[in-house]
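Inside the fold
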Amino acid sequence: MFRARSGNRRVSARSIGAAVCAAIAVCAILCAPVGAAAYDETVCARKYCPGTCTQPHPTQPCMSGSLPPSGDCQCYSDFTISFSQVVHLTATNLDSDCGGGRTGWFVIYNTSGTEAYAWSMGGAGFGWSDDVTLAPGTYRLDPGAMSGGTYCVEFWSGAADCSSSLAMASADFGEVESGDCAGWRTATFRNDGNQTFSGIAVSVTDPNFHLDLAGVPTTLDPGDDLDFEVQFCAPGGLTFDQPYAGFIQVAYTCNGAVNQRQQTVSGTAHVRRGELDVASSFDVGEADWTLASPGNRVERNLSIANVGDASMTVVASIVDDGGGVFDLPSGGSVGTVSGGSSRSLRVGATVFDETTYTGTLRIEADYGSGLGSSALVTLHATGHHPVPHVGFITADIDYGEVEIDYAFHQAIRIENTGDAVLTFGIALEDPSDTDATEFTLDLGSQSIGAGRSDLFEMTFHPMTADYREIVLLVGPTNEEPPNTYRVRLHGTGTEPIPLSTMLVVDRSGSMDGMAGDVRKIVAASDAGDLYVDLVRDAWDSIGLTKYNESNSTPVPLDQVSANRAAMLAALGDITGELLPDGATGIGGAMQTAAGEFVSSPAENAQAMIVLTDGKENVEPWIADAMPGIRGDHPDLRIFSVGIGDPIETGAYGVEGIETTKLQQIAEDTDALFRVVQSISGEHRYDLEAFYFKVFAKATGRQLALDPLYMVPYSPGMTLVSTVDIVSCDRDADFLVISELYRVPQFETALFLQDPTGQIVDPSATIGGIAVHVKAGDHYRLYRVKFPPRSESDSYSGAWRLYLQVEGDPAEIKRYATSVQVVPGYVPVAFMAAVGSDYRLEASITPGEVLVGEPLRLSARTTEAWWPNPDADVDVEITRPDGSTATLVLHDDGLHDDGEAGDAAFAVTLTDTYREGYYEFLVRSRGRTERGERVTRERYLSKHVGAYPPDRPSRECIPCWLLRLLLVLFLLLLIFIALWLIRCCYRLHRIRG
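Summarised in this report is the structure supplied together with it. (Residues numbered from 1 in each chain as written. Predicted model: local features only at pLDDT ≥ 70, side-chain atom pairs only at ≥ 80, totals over all residues. Heavy atoms only, no water.)

With respect to the overall build of the protein chain
A tally of helices and strands in the protein chain yields nine helices and 65 strands. Counting across all 992 residues of the protein chain, residues that qualify as buried make up 46%. Of the roughly 45,000 Å² of accessible surface on the protein chain, 53% is carried by carbon and sulfur atoms. (Helix = DSSP H or I, 4+ residues; strand = E, 2+ residues; numbered from the N terminus. Buried < 20%, exposed > 50% of the residue type's maximum accessible area, 1.4 Å probe, protein only. Areas by Shrake-Rupley, 256 points an atom, 1.4 Å probe, with all protein chains shown as cover.)

Right, here's the structure in full:
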């Protein structure tokens, strides 16, 4: 069917009568605005009667639809056409306001002035139109001698254009069943030029493509298109698929020349049939030829597929049985296989020797109508007697020194390099060996698959400080011949490493100032009290050195049990021992404190905590003191903490702490450093938290939780936070800090609950072991030693801290006002450190890091010193301006983190464009070897920026007084000089 289209209008040659077409044409001529036709150029001229006038044109356009309001005016228009064409003439508003009948002339002049076209419109009335052919040339439309009205000519500008297009939405008909036809598809031919096409003829080169050309016209105007239908019919009687292709061709005459446009069409005639698909080679399998029948036989199914779309019939036969090895247990008739499906053929082999056998199977497929195909399949079968073999076994495990009550996991590795399952047993050589009580052993019957290896964990958990040794027997194995192997396990239990700590506290005059909501010296006293409770009475030692421009040691280093009362008294005496006054001599105080370690037992770990709020201004300087301290005490860790703002963030010499120096002494001794700029709000307990981390680091413990919470304060019970304890944790210190403890009415508002639901207080026991609770002025320390791992159900799981407020709401509000730092909220710090086999280690780029230089963060997760990669690690970064960001540490081998999956994680921080103090909280979330969820945290910090000069200038104290004295001294010198001059002058006069 043909459809002609013009603009947005569609006309069907079969369905619309000539009368309707005529009516539409008349309406279009009389009613449509000028320019609605397909022409691309229009010129107009207009006259207002009576009288005459010449150019220029009237101010209103000629096609504005109205004439000038007054005056006698005319205009003319020149136009040029470049090729012979039919132009369209229109006249409107004839004789407007001229009186008399509505008549007029339509005149077009040649450039010579002769009339190229003149036509009387008679009584045409309001509107008139006509088409006329003009030869190439330049013409003038001039109504000067005519009646009033508007006269227009529409025409094609530019050169003659005979371009066209022919297209189909889908010219590939795809597969069509032989003897069937596809549906009709529409092709569109369009006149893209500016000439009328004539003599249009449509044809196709392949007779399998049909055209419906009913109503196709012989002419096509510019901008119009015609649609006709195309169909593909696949020939019948074919045996195989056959593709077809052809060209649809549209010929037409334009501007006196014949043109054509082509469109490729294609389709495939499809013949339904079966198609055999089978592997060219098939391994029947392997059997042990040493076994009696049927042990020396193997069978497998061979898949025979039909990838066609019609059924086929399949039969199979063995044409080479490999010397009587191969057979078809179910016979050779496979049967009918539908199109797109498959069936199985059972193939068997019986082997007789240690070798590989080869045979041939023939598959024949019948597609019907005398058609078919066949395939040969090469068969393989192997005769093999599998034997296990121990290729490697750990013969000796040395656990070294392991602290009492801690567990160290090692494993026997056994490799089976044979090709049969290896079976064996693991047992004690001497079941009565008492040393075995301090080992947890993976004993009993075991097996390892062919070509594999396995680990059998053996754990040493010493209960006494003695050497222990046992021997295990691995075997007898089912190797040929059987073997038995001896494995030696040995290690030494050691006492927990005691810790000696010297607190070095700044009491210079500036310590009397505020750091947020708290006086600095009060904060130092509170943190010191907490540390005294953290260290262990039975094992550890502690002492105190105080300093300003001078220093002294009011509490020499001694056992905690002997020094506790003196330490608490000295730390609490902020109007005496720690009265703020004077300058800041840090280096000398460090030397004095280091001298105390001479009395520290050799087996003790050593830690010094240096607290300051200012820059050093009294010799000896830190840089001068450090070499001697390091030389005398190479194992001493020096932890440093500054209260206030770093001086490096402003001009050198302003009041503040020298962050880079504190950082350097901590990094040089594998310790921690911290800057606590404001002790308020969410940073209310940062100083105490740092002392807790110092103790954890110095005693080899792991942080399981290190946050501060702003807890909504209202009647009822609120869950503050949860700590996950796992079975490989041996002990834990839970620390809760809150201003609530300072208000007697709320002493019991915060309570800790173990995984069994028991409230942890001084009367509680965990697996029969008593809990130790220490109560400070504003904190509670819960020290828990867990029972053996076999009783982990009593301690592993979630430990929860709750805030429970009960009582009269008015009373609650009255008391709560004193402890709220944010309206409606109270700060609560909840921290946990564990002695554990599961560990997170973390480090940061050491040494000086300048603004813009990258920082590399690395971490490692282990369990009983073995890498445990089942973890996700990230770091929360707090920048100098207080903004935060979180980065993920990767274990993929692509981030300078070693090999993928080796439990070593790393990331590089490149956003270091802010000078100042950065904090990093590294957190791992993983699972232990027993599948328990476990969290570990490590705190790191770094100052980014240039280091200040090594030698600070000595400050004048007070500077204003020295300056005044200097001015007075200069005035005195001037006075003396004037007096001497006067005396010399008088003496000269006397002598004269």
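Structural notes on the packing of helix 2 (residues 520-534) against helix 7 (residues 686-698)
Where helix 2 contacts helix 7, the two axes come as close as 9 Å, and the packing angle between them is 30°. In terms of orientation, helix 2 lies roughly parallel with respect to helix 7. In the packing of helix 2 onto helix 7, the handedness of the crossing is right-handed. Along its contact with helix 2, which presents Ala 523, Ala 524, Asp 526, Ala 527, Gly 528, Leu 530, Tyr 531 and Leu 534, the element helix 7 presents Leu 687, Glu 688, Tyr 691, Phe 692, Val 694 and Phe 695. Counted by class, the contact of helix 2 with helix 7 contains 11 nonpolar, one polar and two charged residues. (Axes fitted to C-alpha atoms, helices over the stretch in contact; angles between N-to-C directions. Parallel < 35°, antiparallel > 145°, perpendicular 65-115°, else oblique. Left-handed = near helix turned anticlockwise from the far one by under 90°. Contact = heavy atoms within 4.5 Å. Nonpolar A, V, L, I, M, F, W, Y, C, P; charged D, E, K, R; others polar.)

With respect to the pattern of salt bridges
Scanning the model with the defined rule gives 43 salt bridges in all. Across the pair Lys 697 and Asp 670 runs a salt bridge whose closest N-O atoms are separated by 3.5 Å. With Lys 697 in helix 7 and Asp 670 in the loop between helix 6 (659-668) and strand 45 (673-676), this residue pair connects regions lying 27 residues apart in the sequence. The structure contains a network of salt bridges with shared partners spanning Asp 526, Arg 684, Glu 739, Arg 742 and Asp 777. (Salt bridge = Lys/Arg side-chain N within 4 Å of Asp/Glu carboxyl O.)

Re the packing of aromatic side chains
Applying the stated criterion across every chain yields a total of 21 aromatic pairs. On the basis of an interplanar angle of 85° and a centroid distance of 5.8 Å, the ring pair of Phe 424 and Phe 456 is categorised as edge-to-face. Of this pair, Phe 424 sits in strand 32 (residues 422-428) while Phe 456 sits in strand 35 (residues 453-460); the two residues are 32 residues apart in sequence, bridging distant segments of the chain. A relative accessible area of 6% places Phe 424 in the buried class. On the numbers, 4.5 Å between centres and 10° between planes, the contact of Phe 786 with Tyr 795 is stacked. (Phe/Tyr/Trp six-rings, centres within 6.5 Å; stacked < 30°, edge-to-face > 60°.)

Some details on the sheet that holds strand 33 (residues 439-441)
Strand order across the open sheet formed by four strands is 29-31-35-33, with antiparallel pairing between neighbours. The outermost strands of the open sheet, each flanked by one partner alone, are strand 29 (390-393) and strand 33. Across the sheet, the mean angle separating the axes of adjacent strands is 20° when strand polarity is ignored. (Pairing = 2+ DSSP bridges.)

Points about the state of the cysteines
On inspection of all chains with the given rule, the structure shows three disulfides. In this model Cys 44 forms its disulfide with Cys 152; the gap between the sulfur atoms is 2.1 Å. Judged by the torsion about the S-S bond (110°), the Cys 44/Cys 152 disulfide is right-handed. Highlighted residues: Cys 44 in strand 3 (residues 41-48) and Cys 152 in strand 11 (residues 149-155), separated in sequence by 108 residues. (Disulfide = S-S within 2.5 Å.)

Some words on the sheet that holds strand 50 (residues 750-753)
Spatial ordering of the open sheet is given by 48-56-50-51, a layout of four strands whose pairing is antiparallel. Both outer strands of the open sheet, strand 48 (716-725) and strand 51 (759-760), are each paired with one neighbouring strand and no more. Across four bridges, the pairing between strand 50 and strand 56 (residues 797-805) is antiparallel. Following the sheet pairing, Leu 750 is matched in strand 56 by Leu 803.

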